[in-house]
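Architecture and fold: a report
Spelled out, the chains give:
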Amino acid sequence: MLGVLPRIPLYQMYRKFGWPRLLPINLTLTPSPRCNSRCLTCNIWKKREDDLTLAEWEQIFQSLGRAPFWVTISGGEPFLNPEIVEFVRALYRHCQPGIINIPTNGLLDRVVPQRVAAIAESCPQTQIIVNLSLDGVGEQHDHIRGVPGSFAKFEKTYRALRELDYPNLAIGIHTVISKFNVRHLDPVFDYALSLSPDSYITEVAEERVELDTVGSNITPAADEYHRAIDRLIARLNRRTFRGISQITHGFRVEYYKLVKRILVERAQVIPCYAGWASAQIYANGDVWPCCVRADTILNLRHVGYDFKRVWFSPEADRIRRSIYARECHCPLANASYTNMLHNYQIVGRVAWKVVLAWLLQRGVQSSPRPLRQPMRLESR
């Protein structure tokens, strides 16, 4: 992360002046849209594409070099890909990103732990984050995910992943807040946090071109989302975070507040850096600034798999002008975290909270204990 911070002013200049030209630090890759879930909030499982081969991906990774810091391997269900381990190894060999994030529905309870172990072992200098989807407890999860037994598979996969012992591996839980669960989230929050994941994140359901959900009316009402996310924030604020977790917690709370504003104002409330600092490569080779609009800049197959020829093209500049003019808005989590890193007010608030928490913890640890009533620190 420290290596990214000096690049932030450069991306701000790139967005405003078109110089210096930089490759994205946040990259989402979609090896295939294939999925074994049938979620109420997503129709990507209906899609079939002429997927890039592993050899084609390797050429793309060569053209990217060490530019991307944070890579998300999306889907569909990434672990349906029998070459997923080789795919990540190729990514690591050519790009060595600081973070590789892989979401999964957890249905492949025997396959996922084995492949995650192989990935973690193959990428020792990269933080591997695996996030399991949890949209309800018990039958509610099965209903939203569209496959009977999904909740039981989630529990089995989660237990198996927690047994893996790799210093560069973190296991998280991810909840999509939609109109189907927004009124019944308290049990989900409590259950997820009771499992003590390395991270617990939520994202609001949205209409995306990528997911074929435009016009599907899956986004929760703003007031219902506000009430639900405030209850989650209250739960998180009662917990104690240390080290890097304090920083991630701070940005997560800022993201939730950002989504609240976007749902009400229906506008870019902070500048968007999709097209400058973040991008997505879809399964067929199309390059998008983001997956919500899914504006195809160019297809990598048509330019010899050279990402630079796509990223620095007139077609890319045309789409960037639209984003710069704030002709779109969305609460997409992946891009939003990159956007927040470029917003000094948000970064300042997070830094201040981290400093206050550190001072408080240091003060508690160094304060003398009363003789008659020893102080008891509650562990959360």
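To be clear, the structure that these remarks concern was listed above.
Our subject in this report is the structure included herewith.

Take Asn 299: it is sitting in the loop between strand S8 (287-288) and helix H10 (307-311). Under the relative-accessibility criterion, Asn 299 is labelled buried at 9%. There is a polar contact of 2.8 Å between the side chain of Asn 299 and the backbone nitrogen of Arg 301. With residues near it in sequence (within four places) discarded, Asn 299 still touches Asn 284, Gly 285 and Asp 286.

What follows covers the pairing of strand S4 (residues 127-133). Most of S4 sits out of view: five of its seven residues are buried. Two elements, strand S3 (residues 99-104) and S4, share six bridges in a ladder whose sense is parallel. Within S4, the residue paired with Pro 103 across the bridge is Asn 131. You can see the chain leave S3, run along helix H4 (residues 111-122) and come back into S4, and the turn it takes is right-handed.

Moving on: the sheet that holds strand S7 (residues 278-281). Strand order in the open sheet made by the eight strands is S6-S5-S4-S3-S2-S1-S7-S8, with mixed pairing throughout. Every interior strand has two partners, whereas the edge strands, strand S6 (199-204) and S8, have only one. Taken together, the two bridges between S7 and S8 define a ladder with antiparallel strand orientation. Directly across from Ile 281, in S8, lies its bridge partner Val 287. With respect to the sheet, helix H6 (residues 150-162) is in contact with S4 and strand S5 (169-177), its orientation differing from that of S4 by roughly 160 degrees.

Calculation rules
Residues numbered from 1 in each chain as written. Predicted model: local features only at pLDDT ≥ 70, side-chain atom pairs only at ≥ 80, totals over all residues. Heavy atoms only, no water. Helix = DSSP H or I, 4+ residues; strand = E, 2+ residues; numbered from the N terminus. Buried < 20%, exposed > 50% of the residue type's maximum accessible area, 1.4 Å probe, protein only. Polar contact = N/O pair within 3.5 Å; in protein donor to acceptor, adjacent residues only side chain to side chain. Contact = heavy atoms within 4.5 Å. Pairing = 2+ DSSP bridges. Right-handed = clockwise from strand over helix to strand, strands pointing away. Axes fitted to C-alpha atoms, helices over the stretch in contact; angles between N-to-C directions.

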